Structure formats: C-alpha cells, structure tokens
Amino acid sequence: MAENGGNTVTLTIDGRQVTVPKGTTVLEAAQSIGIDIPTFCWHPKLDSIGACRMCLVDIEKMPKPAVSCATEVAQGMVVSTTSDRIVAARKGVLEFLLLNHPLDCPTCDKGGECDLQDITFKYGTDKSRFAFPKLRIIDEHTKTTFDDKRIGPEIIRNMNRCVTCFKCVRFNKEIAGEYDLGAYQRANHTVIDAAPGEQVDNIYSGNVVEICPVGALTNTDWRYKVRVWLTKQADSISPHDADGQNIKLWYDHRRIFRATSRRNDAVDEGWICDLARYGYQFIDSPDRLMSPLIKRQGRQVAATWAEALELVARRFRDIRDKKGSVCIAGLSGGNQSAETMALFNRFFRTVLRSNSVDYRLDYIDLKDGEITEAYNCLYTAPFQIAELEQADAALVFASNFIKEHPIVNLRLRKAVRKSKARLFTANPVETKSADISVDELIYRPDTETAFVVALLHALIDQRLYKNCPDGRAMELQSRLSPSSLTEAAGICGIEVERISSLARQLASAQNPFILAGDYLTASTQRYQIGNALYNLANLLGVPDGKAIILASHADSIGAERVGLRPALSADLAGRLAEAWKEPIPDSTGLNTSQIFRAILDEEIDAVMILGANPAMRYPDGPFVNAALDKLDFLVVADLFETATTAKADVVFPLAGWAEQDGSFVNLEGRQQRFQRALPPKAEIKTGLEIIREIAETMGEPLAGDDAALRNETERLVSSWVRRPRVMDKFYDVKPAPPVGHEGYPYRLLVGNDLHHVGYLTEHCPSLIRFTREPYVELSPSLAARLGVDEAALVRVESTTGRLVLPVRISEQFDGDVVFIPNNFAAVEVNTLVSRDGGGWVKIERLDE
Amino acid sequence: MEKVLFAHVDNPQQHRIETYLAAGGYQALPKILREYKPDDVIDLIKKSGLRGRGGAGFPAGMKWSFVPKTSPKPKYLCCNADESEPGTCKDRVLMESDPHLVVEGIIIAAYAIQAHQAFIYIRGEFVFPAARMEQAVEEAYARGYLGKNILGSGYDLDLVVHTGGGAYICGEETALLSSLEGDRGLSRIRPPFPAIEGLYGCPTVVNNVETLANVPLIVNRGVDWFRSHGTEKSPGTKIFSLSGNIKRPGNYEVDLGTPLSYIINELGGGVPDGRTLKAIIPGGSSTPLLLPHQIDTPLDFESVAQAGSMLGSGAIIVIDDGACMVWTAMKLINFYQHESCGKCTPCREGTAWLKQLINRIEDGNGRPGDIDLILDICGNIMGRTICPLGDAAVMPTESIIKLFRNEFEYHIEHKTCLVKTSYPLA
Ligand SMILES: Cc1cc2nc3c(=O)[nH]c(=O)nc-3n(C[C@H](O)[C@H](O)[C@H](O)COP(=O)(O)O)c2cc1C
Ligand code: SF4
Ligand code: FES
C-alpha cells in the first residue's frame, strides 16, 4: 500500500479505498473509482473556484462540508459523498439554483444535455417551496427581460437560465486570454454579458457555449434546429488548420447540426476554435456543385458522370501517349485526406506516369538550385504540442499565431500561465499575444532573414552558443549576411539591445522552443530564413523537436508523408514503388510554381486540381491566371464553383471531408481519423471515387480497395523517416536584396481573416456573421495620413492590379503595413501580388 | 480607563506628522529597524497576545508567522480599511484622527513579514479618511519612513492607498485581494490562505486598521504594559462603536473584558428615557443577539462567545422595546442580500429568498410555515458558503427568530407589528 512518503495518497471514499497522485482533488479521486459527485462550476481544465457548492462532501474531522472540487486529497482521509448532511446539502443547492430558473426545458436547446436537468433528476426533488414570481430583471437599454440577448455574432445569452458558475468568464480569462465577456452586477443580479461596447467575437468564443452547463449560452448554429437525442455523432477532425483539432459532428440523416470538441489532451485539451466549430457548415451549403460540368463551345454545361469521365480519360490518355507523361501535372489542396492524396499521387505516378505533383499551392516556390534541406528539416520536425507545457522560453517567429495555430497558441498560453514560460514574439505586425509576451518585437516587413541573422550575431558576439567550438562560430559568423549585429538589427528596425537581450534569455533557458509560421512560409526568402533558423536552433542547442516551421494545412504533413511532392527521398521512393508494385517514373517532377511556369512555356498541357483554388489563392494572380488560361486541358474537382473551376474544361463535384472516412496528419505528424457523417448528395463523389473512376475509364484501374488504401496510407505515414537535424551543421545565409517598389509605399500582407480560412468558409453562415466582406486593414497612423475613417472606401493598387475595398483600422498595425484577407471570392487579392515578391501597393482615398 | 489608541483622538492636529512626532510618534519604527530582526518582531507581537480587531480575533503574530520565509515570491501587507459592517465605525476615526499611528503600524508589520509593498484598502465612501491617509503616507515618504532604505536601515517599503468601490464584501480578506488585483470583488476559497497565496498568488498578510494601530504601542511600551490591559486571552484595549437606541452613541475605547453594561449604561447613558432594553447586537450586525439579562457579559472574545455570540468588530447595536424585531431582521437581511457577492449559490440565492420571505412577513403577507422555511433556508446557507458573509446573514436572522419568534408569529397572524414602534423607520 502506498504510504505518505511517495507521490501517491491513499484515502477512503464511501468505504472504498483509492490511491491517487498527490495534488489530486477529492472530486477527481472519486471520479477515478466511478463515484459520481454532481458539479456545476468545476471543469477539468479550469482552476477550481468552489462556487456552486454542488460538490460538497463530508470529510472526517472537518466540521463543515467541504467542496470536493477544490479540496486536495490527504493520506488517510475518510470521505463520504452520501451522508445525510450531504444529501440534504445537494437538495438545498439545487433548490436554490432552481428558484428563479425558468424551467423552460421543452424549448431550451440545452434540454437533453443540461447539467441542471440531469443533476436535478438524480439528486433533487420535484417540489418547489418557492412561492414568489421568478426574478426577471429588465434590461436598462432594451427594456426587455433577460431572455435571449445576442452578445456576440453567434452567441445568445439567456440570463434567466444561468447558474452563475462563471465557467464562461473563467474560460475566456484563463484559457483564451480574452476579455470580451464578463460578469457584471452583484448578488442574484449578477449578469454574464459582453464587455461594454464589445461583442463576444474572439476566435474561441464557441467554447463558452459548450461549457455552459445550462442553456444560458447557446449559439445560432444549434438553436431551434433539433433535439440532441435525435442526433448521431461522428468523430471528426477540423479540416481548417494543421493543429488537428478533434471534433464531433452531430447529425441526422439529412444534415449536420453542429460541431463540438472531442477532448484530446495530446492535442487540444477539449478547446476548439470557432473555425473548427462552425467551419463544417459549408457541407450543407445550398451553393454546392451538384453535378459535373463540361466546357462546350466556351461555356460550362451540366454533364453526366459518364460523359465527364470519358472526356477526362480520353484527354489524359491522348496527352500522355502523344505528348508525353511529363506534360500532365496534378495539384491537390492541403486539406484532402491522406488517403486521397496517396491515391492521387499513385494515380499520377503510375497511371499518368508524371512526377509533377504538389500540394503546396499557396506560396511561391523558388527558382531551381535553392538549398531546401534546412527548411524541410525544420518543417517536418518531430514536435509535440503537449511538450510546450514544459517550455521555459519560447520564440514565436513570423507567425500570427492565434490565427494560424489556435491550439498551439492555447498551449503556449498555458505554458506562460501555468509554468511561467517566457514568451517572445517577432512579427511584422502585432499579434494578440502581447499580454503574455515578455517582449513583442516588430521587424520591418520582409526582413525575417535579417532578424534571425541579427540573433545569430548576438549569440556569437556574446559567446552564448552551445555545442559549437569558438572557431566554428567565428567561421559561421564570417559567412553571415548581413555581416554584423548592428547592420542586421538596423535592417529589421529593432534596437540592438532588445535583440541581444532576447539572445541572452533564449540562451539561458533550459528548455526553449522556436516556432515559426506563415510569414516565413509565405516569404520568397523562405529557404534563406530556413537556413538561418536552422543555425539558430543549433547554436542554442535546441533539440530537433523543439524548433519547427509549423505546417499550414490540415494535411500538409500527410501530403509530405505519402509523397505528394515532386522530389522524393530515396527511401520514400523505394517504399512507394514497393507498395504500388510499379517503379516511380524517372522524369524530373515539377513543383507548383514550376508547373505554372512550364504551362506558360508550353511544356505542360494538362492539369488536374483537387480541392484547391489557385486562381484566387496562389500569391501571384496575373501569373497563375495566365497559366491556367493557357492550359490545354484543365480538370478541377471541388465543392463549389470557384475562380479556378470557371477556367476548367471539366469540373467534378467533390465531396467534403465530412462526407467520407479518412485521416489528416497534423503538424506534429499525428495521423488522426475522421468518420463520415453524411453520404455525399446525389451526384457528388469523393476524391477517391473520382480518381478511381478516371483510372478505370482509362482502362488502367488502380488495384486494391479502400481498406487496402487505408492500410497502405497508415504504413506510409507511420514509417516515414526523416533525416534529423544535424546539431553541428550550419548553413550559409545570403538574403536576396530587397525588391524595389518605387511609387508603391505600403507593404501588403495577404492571408486569412481571423474568422476565415481558405475559400470554403465563406460558405459558413456562422463565420460570415463574424466577417462578412473583404477589407483592407491598416494602422491608425496610415489612416490618418490617407485621411480615411473606418469603412471608407479606398483604392489599393499595385503594379499588377487594383481593388476597391473598405478600410478597417487596427491598433495591431503600425506604420506602412496593410493587410487584405483572401477568403472572399468577391475580390481576387492575388491580382495585387506578383511572383518576384512584389507585394507593394499604393492606396488612395475614393472621394464620394 | 486609559485611552491608548484614542490617546490623541481629541487633538485636531494629531493627523499631522509634526504633531504625531511631538507626541512620541515614529519612535517604535527606528527602534524596530535598529534592534529587531523580522522574526523578533513577530515574537514580540506573539508574546503580546494581540488579536485581530477585524472580526475573527485571530492572533496577529501567529498570522504573520505563517508567511513562508524561504519563499522567493514577493510578500505583501494589506491594511484592511474597508470597514463596512453595519454598526462599525472605529477604523474611520482612527484613520481620520491618528493616521500616522496606522502608517507606523503598517511599516512595522511589513518589516516583520519582509514585505516591500503594502496597501491600505479603504472603502470608496471613506473620502475624508482616504485623504488623511494619503497625506500621512506622503508625509511619511518625505521624512524617509517609507520608500527606499528607510532610516538608513536598508529596508525598502512602498505603501499605496487604494480606495475600493464601496462593497461590503471587499472587507472580506480574499475578496479584498481580488478587488485589489483589479478583478471583481469576489471572495475565494481557502485554502490557500492569503499568508501562503494571497495578492497575485504571493504570501500576503491582511490586518485590520485597529490591529495594526496597536503595533507601535506594543513596541513602545512593551508586552507587559499591553497585557496589563484586557484579559489573559484577550489582552489590550478595544474600540467599541456604540449605536442604536442609546443616549450617547459613539466610539469608546475600553479594556477588553469590560462588562457590556459599563459601555451601555455608563458610557452610552443607557437607552432613551422611558424605554427598556430589549436586545443587544454585541459585535457588529453579523453576530447573534444578547438579551438584557446578559448585559454583564465581559467584552472579550471568550466571554462573548460563551454567551452565545461573538465580539466581532466590536460594534454594539442597542435595541430597545420600541423596535419591532421583524423589522430589524428585515433591515439586516436586506443589507446582506444586497451585499452578497453572488459567487456562491447558497449565499446568492439563499439571502435573496430570505429577503423575500422576511419582507413578506414584515409587509403583512406572511404565511404559516414561513418561519420554519426561513430557518430551513438558514440551515442550507450556514457553513455551506465560500466566505463567512453567508453565515453573517444567517446568524442574526436565526438568533432573532429564536429569541423573538412570537413577534414573527404575530406578524403573520395579524399582519401587523406586535410592537408599536415610535421610531421613524427608514
Ligand atoms: C463579509 C466580511 C466582511 C468583512 N469586513 C471587514 C472589514 O471591513 N474590515 C476588516 O478589517 N475586516 C473585515 N472582515 C474580516 C477580514 O476578512 C479579515 O479577517 C480581517 O481583515 C483580518 O484582520 P485582523 O486579523 O487584523 O482582524 C470581513 C469579513 C467578512 C467575512
Ligand atoms: S452563462 Fe453558463 S457558463 Fe456562464 S456563468 Fe452562466 S451558467 Fe455558467
Ligand atoms: S463544483 Fe465544486 S463548488 Fe462547484
């Protein structure tokens, strides 16, 4: 039996002995042996506040009942959860909670999954001794009672139902670090409300609806649509980011009604962002493509599957056999299932015999001859989200973190809050991490390389490097460009002392992490920054898994592991050939930007695109559109008509992720399965079906069924090998000279809106409630110089295009950086950007 | 009887540092900094037997000794000047008349626990006392009693005067800390106790104004002198705030252990002529009532507890035969309901329900069974709440019903008071 000395404690609960780790609460100890203690304000991931008093238990030698949710176990403790006093206390608390509760369960959307309902049923009485009219406070402003007040784009509050557990407010403050929701007033007039003048619209807002134990917080998404007991649940994974948020889809035979979290402590700890929560809605959009389209005399018309497949098969065969297989290329969006990508890859390499396949459609790849090893090594680092909790310092670099990696962001917040990790951020604009950052460095746009080089100089100058002899360090330093700390710091516009201090703090940390994101990925200097970052991780002695360039899409890493990229490692090529029982063609494969270039050079005639919209999203609109227009034969499979499908000769209606089984591999390399919730509607087919049917129609069917494919994919993903970072290896760093932008003074950043990702979420009504339309976001100082107010229309113009957009003024922007989201089909933002890094614009006010 | 805390209460210039110095002020502090190690101060206060004057009577020296000495975290001292318990108005007078006595006490206490930051949390309505404290703090800084390297000792202390928003609950120590942190003034569960995890999660001592004001006196005049006042277990003097149906209401400083009758009859002049004493609230509005036959109860922590009530903050509210006890209970429950912070269920909902029931009886709409329902609700609040505010609402309510149940029954049956009161009732 465990004795006091160790790390466990043995106690007795209701006559049963239980041994639990020290620090466990009595409540959790009871739960661990299946003893139910009712709770309202307790949540496994929030600090206990002992407010609702529902979890009272009797503990021997304690004069008063104790709150089990906040009482730590002690050796030899004797606990009763069923004493007369406790039974009475629970009845008392329930009676109190029900005094003014409306008992409108028949019309309340929480009915059927309401803690108050369940606990009352189990522990309460069915009689009320309360003989007063129920308390209904009249809202000063609206003159209504507390029923149904919209406090955010999605959230509706019904104060009458609230049990004042404060879980919502605590989640916001403790977990999300948001303050748009609060408790106001006092005593039984306490109200939960949006902060004065604000809306509850942070990207985690839906969590408060989910953790509300009653129907006080509900969302438009779910209200009045279905009773929970009439739905089924499918385990799923959010398709909108690379973190791999675990979700549950609630559906019946007709449609999906909502998505909720599905706690996975290794990944999300049960919190999901609103994109994961509401991002399923495009599945049910009335605008879905419902049948294949074929271009006839320049116009797309509806066609049967047989016609469309026949046409594609014939053209592919013709081009392959007459012009050569190198003339066909395949592109897939980064959020297709790993299985789909695997089959797509196989189809291209074994049937069409082309190695020109890629999934990296949203950044400009560089010219040939670039050294990509360092970048690729960091991109595939064996990082574990949960390990962040042990960090004592972290540098988040070139990433609007909260936006790109909502779950990694929460874990970092936790590391700062719980383990006092010191967080540093370095970005071209401010992020929402200011409140938890020790220092928030803002570098000039496009100076990522200079920033990291400055850090390298600072480390070497102060002799702070690890695992590296002085001579090596000196030699490395001599090969760095810019060549000194002062020069590099000057280029990125940050004080030398701040960079030196950052270097010192990272060097003195025991367990530092370096995380980089989309500003790096999107940069044309990507590989140079990668080299610099590699050197940084090595000089600091940061282990392999703790320095990473985070992947952007739900299945980017899946694509890497199944080999959906032109060049393959010898190992992967060997294993693929073995699995397919066919050799990999030996032609050189082209990457995305090489493919578009080759089209313009008339070297590629046919392209198949699966679930991607480069015409709108590829960051060089003029270039990509010229290429797509020039193509001889374009096949696109997608859920909606897009700028890209509009150019296609054949369009296939594609099933969404919720309409099929599959898996995504998240940025950690964790393969997670998702289940089908609904079958695809009538004419829609999954990517797997489409690929298989093309191959069959070509008379070259792909052997093996879906189960075999699933096994093969799993094997590929799990046995994937990567060359680890070599801790004493360093790369030369030579940033390209900045491009001129005479006459175009403002640096344009293009990316995802806070509440949107890609081009599908525009079809999610809930997300549209957060952001309806595109805008250009700029700093207060720039707005003042332009003489524009919020919502004024401006013309944004680059060398390649112009757009008219409303202004959004943001405190997070400083100086001459502006931002336009590329999530809305109404504006093709990529027309403003061109492939040699020209993201510079001028802005003029439009006079009414 | 010797006045010590109030020795200079009648000097209108006492709040000025020159006057305070001339009267022997700021002599304890240099002595402490020169001759005492922090632990020695704690020992001294432990030996003196000084007990908290904020309500619970917890031994001050012992509280200080709970602060972990090896903790690397900063430590804080908070002087609780939220004085909001109905009937209590002693801290206010201390701060107005002798603010430097309080400041000196704070500095010594902070030194004892090795805090370098201290706060005075004053209720928002105390505009004048807060101004006096501000001025005193400024003067103390100017003379080097606060700030860096106090009197050349190497000890640093900053002191901030913070005014609250006017909530009774913010006098409860954990709610005070939440409020001081800028959060809602909501009480927190204990443990952790503030001495271990208080302000910003750091070791914190919260002491009442009067408790701290005693400290320089003990240092100056010694433990034996202090113990020559009061009783063995409740040494020292205590300021009692006398109010209610009394001829001469006011603050009176007497030795602990002085009989209640002395304060009511000798100092306060008894109930108004023609009236008879009906009940006494001995320690602030949250304490159970005493009856006239208990008027000789000595006012020390033990004796009042033995008599079935509590010394509390020392606010004596005298009730004579002109007062309706239903009305009295109503006034009290209305206050507690209004001041409930709303965090825990029994207090938030229970006080509101009690208020509805007691008001219904007072209004002549009481129903048979209401009295037992009230007592039952009291049982569901008592001992089930986060902080003692719930208990504070229940104790006088239960006590009044127990002692004067007939008045409640009369109200329910006849829809009017048994007592025809002639006081203007607000
Ligand atoms: C509802 C409530 C209100 C309180 N109000 C005050 C107050 O106004 N002033 C005060 O000194 N203590 C007040 N207290 C007591 C404090 O919580 C705390 O015990 C006291 O400040 C400790 O100081 P002491 O040990 O010097 O008495 C209150 C307690 C409760 C439960
Ligand atoms: S709204 Fe819901 S989560 Fe928030 S305090 Fe009320 S019951 Fe709790
Ligand atoms: S669950 Fe323990 S007090 Fe609410």
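Note that this is a predicted model, so its numbers are computed, not measured.

Reading guide: rules and limits
Residues numbered from 1 in each chain as written. Chains lettered and ligands numbered in written order. Predicted model: local features only at pLDDT ≥ 70, side-chain atom pairs only at ≥ 80, totals over all residues. Heavy atoms only, no water. Domains from an automatic or database assignment. Contact = heavy atoms within 4.5 Å. Buried area = accessible area lost by both parts, 1.4 Å probe. Salt bridge = Lys/Arg side-chain N within 4 Å of Asp/Glu carboxyl O. Polar contact = N/O pair within 3.5 Å; in protein donor to acceptor, adjacent residues only side chain to side chain. Helix = DSSP H or I, 4+ residues; strand = E, 2+ residues; numbered from the N terminus. Near = heavy atom within 4 Å. Nonpolar A, V, L, I, M, F, W, Y, C, P; charged D, E, K, R; others polar. Areas by Shrake-Rupley, 256 points an atom, 1.4 Å probe, with all protein chains shown as cover. Buried < 20%, exposed > 50% of the residue type's maximum accessible area, 1.4 Å probe, protein only. 1 Å grid on protein atoms, 1.4 Å probe; cavity = no way out; pocket = protein on both sides within 12 Å on 5 of 7 lines; lining within 4 Å. Points joined across faces, edges and corners; volume = space filled by probe spheres on them. Pairing = 2+ DSSP bridges.

J.: How do you make sense of the domain arrangement of chain A when you look at a structure like this?
T.: How big an interface is tends to be reported as the loss of accessible area on association of its parts. Domain assignment breaks chain A into domain 1 (4-97), domain 2 (129-284), domain 3 (308-362 + 555-718), domain 4 (377-549) and domain 5 (746-845). Placing a centre on the C-alpha atoms of domain 1 of chain A and another on those of domain 4 of chain A gives a separation of 45 Å.

J.: Would you mind showing me how to read the interface of chain A and chain B here?
T.: Contacts between the two partners involve 37 residues from chain A and, on the opposite side, 35 residues from chain B. Between chain A and chain B, a total of about 2800 Å² is buried, with carbon and sulfur atoms accounting for 54% of that surface. Interface area lost by chain A to chain B is led by Phe96, Phe132 and Arg186 of chain A, which between them contribute 27%. Between the two partners, chain A and chain B, sit three salt bridges. In this structure, Glu339 of chain B and Arg186 of chain A form a salt bridge, with 3.2 Å as the shortest nitrogen-oxygen distance. At the boundary of chain A and chain B, one finds 13 residue pairs in polar contact (both at pLDDT 80 or more). Sorting the residues of the side of chain A that touches chain B by element identifies α2 (84-98) and β8 (181-184) of chain A as the ones contributing at least two each.

J.: I tried to follow the site of ligand 2 on my own but got confused; where do I start?
T.: In the region of ligand 2, the neighbouring residues are Cys162, Val163, Thr164, Cys165, Phe166, Cys168, Ile192, Cys212, Pro213, Val214, Ala216 and Leu217 of chain A. Grouping the amino acids of the shell around ligand 2 by side-chain chemistry returns 11 nonpolar, one polar and no charged.

J.: What should I look at first to understand the site of ligand 1 in this one?
T.: All names here are of chain B. Lining the immediate surroundings of ligand 1 are 18 residues, of which Gly54, Asn80, Asn207, Asn208 and Thr211 lie closest. The contact in question runs from an oxygen atom of ligand 1 to an N or O atom on the side chain of Thr211, over 2.7 Å. Relative to its unbound accessible area of 610 Å², ligand 1 is 90% covered by the protein chains. Its residues assigned to classes, the shell around ligand 1 shows four nonpolar, eight polar and six charged.

J.: Help me understand the pattern of salt bridges in this model?
T.: A side chain with one charge may pair with a side chain of the opposite charge, provided their charged atoms come close. Residue and element names in this part refer to chain A. All chains considered together, the criterion is met by 81 salt bridges over all chains. Ionic pairing is found between Asp706 and Arg692, a salt bridge with its closest N-O pair at 2.9 Å. Here Asp706 is found in helix α24 (residues 706-718), whereas its partner Arg692 is found in helix α23 (residues 687-697), with 14 residues between them in sequence. Residue Asp706 is classed as partly exposed on the basis of its relative accessible area of 44%.

J.: I would appreciate a short explanation of the environment of Glu440 of chain A in the present structure.
T.: Residue and element names in this part refer to chain A. Residue position: Glu440 is located in strand β20 (residues 437-442). With 380 residues separating them in the primary sequence, Glu440 and Ile820 have C-alpha atoms 23 Å apart. With sequence-adjacent residues up to four places away left out, Glu440 is seen in contact with Thr425, Glu430, Thr431, Ala434 and Arg498. In terms of polar contacts, Glu440 uses its side chain to reach the backbone amide nitrogen of Thr431, at 3.1 Å.

J.: What should I look at first to understand empty space enclosed by the protein in this one?
T.: It is a probe the size of a water molecule, rolled over the atoms, that shows where empty space is left. Within this structure, the stated rule accounts for six cavities of 30 Å³ or more. Lining the largest cavity are 32 residues, and of these Gly333, Gly334, Asn335, Gly611 and Tyr759 of chain A sit closest to its centre. Considering only residue class, the lining of the largest cavity consists of 15 nonpolar, 14 polar and three charged. Considering the residues around the second largest cavity, the lining is formed by 18 residues, among which Asn100, Met159, Cys162 and Asn188 of chain A together with Glu349 of chain B are closest to the centre. Residue composition of the lining of the second largest cavity, by class: eight nonpolar, seven polar and three charged.

J.: Could you clarify how one ought to interpret the pairing of strand β14 (residues 293-296) of chain A in this entry?
T.: The side chains of a regular strand alternate, first on one face of the sheet and then on the other. Residue and element names in this part refer to chain A. Relative to strand β25 (residues 650-653), β14 runs antiparallel, the two being bridged by two bridges. Bridge pairing in β25 links Leu293 to Val651. Judged from the four bridges that link them, β14 and strand β15 (residues 299-302) form a sheet pairing that is antiparallel. Each bridged residue has a counterpart across the sheet, and for Leu293 the counterpart in β15 is Ala302. Where β14 folds back on β15, the antiparallel hairpin that results is connected by two residues, among which Gln297 adopts a positive phi of roughly 50 degrees.

J.: Even after reading the chapter, I still don't get unusual backbone geometry, so can you show me in this structure?
T.: One can expect most non-glycine residues to show negative phi and most peptide bonds to be in trans. Cis geometry is found at the peptide bond from Ser481 of chain A to Pro482 of chain A, where omega equals -5 degrees. Among the secondary structure elements, Pro482 of chain A is positioned in the loop between α13 (470-478) and α14 (485-492). In this structure, Pro192 of chain B follows Pro191 of chain B across a cis peptide bond, with omega equal to 0 degrees. Relative to the helices and strands, Pro192 of chain B resides in the loop between α8 (173-180) and β4 (204-208). The phi dihedral of Asp14 of chain A falls on the positive side, at around 50 degrees, and the residue is not glycine. You can see Asp14 of chain A is positioned in the loop between β1 (8-13) and β2 (16-21). Its relative accessible area of 28% is what places Asp14 of chain A among the partly exposed residues. The phi torsion at Gln114 of chain B lies on the positive side, around 60 degrees, for a residue other than glycine. Within the fold, Gln114 of chain B resides in the loop between α6 (99-113) and β2 (117-122). Note on Gln114 of chain B: relative accessible area 31%, which makes it partly exposed.

J.: I tried to follow the domain arrangement of chain B on my own but got confused; where do I start?
T.: Residues and elements named next belong to chain B. Entries for chain B in the domain assignment read domain 1 (17-227), domain 2 (237-320) and domain 3 (325-414). The centre of domain 1, based on its C-alpha atoms, is set 27 Å off from the matching centre of domain 2. Connecting domain 1 to domain 2 are two salt bridges. Here Glu302 makes a salt bridge to Arg51, at a shortest N to O gap of 2.6 Å. Linking domain 1 to domain 2 there are 10 residue pairs in polar contact (both at pLDDT 80 or more). If one sorts the elements of the side of domain 1 that touches domain 2 by residue count, helix α5 (residues 90-97) sits on top with three residues. Of the residues in the side of domain 1 that touches domain 2, the class split is five nonpolar, six polar and five charged.

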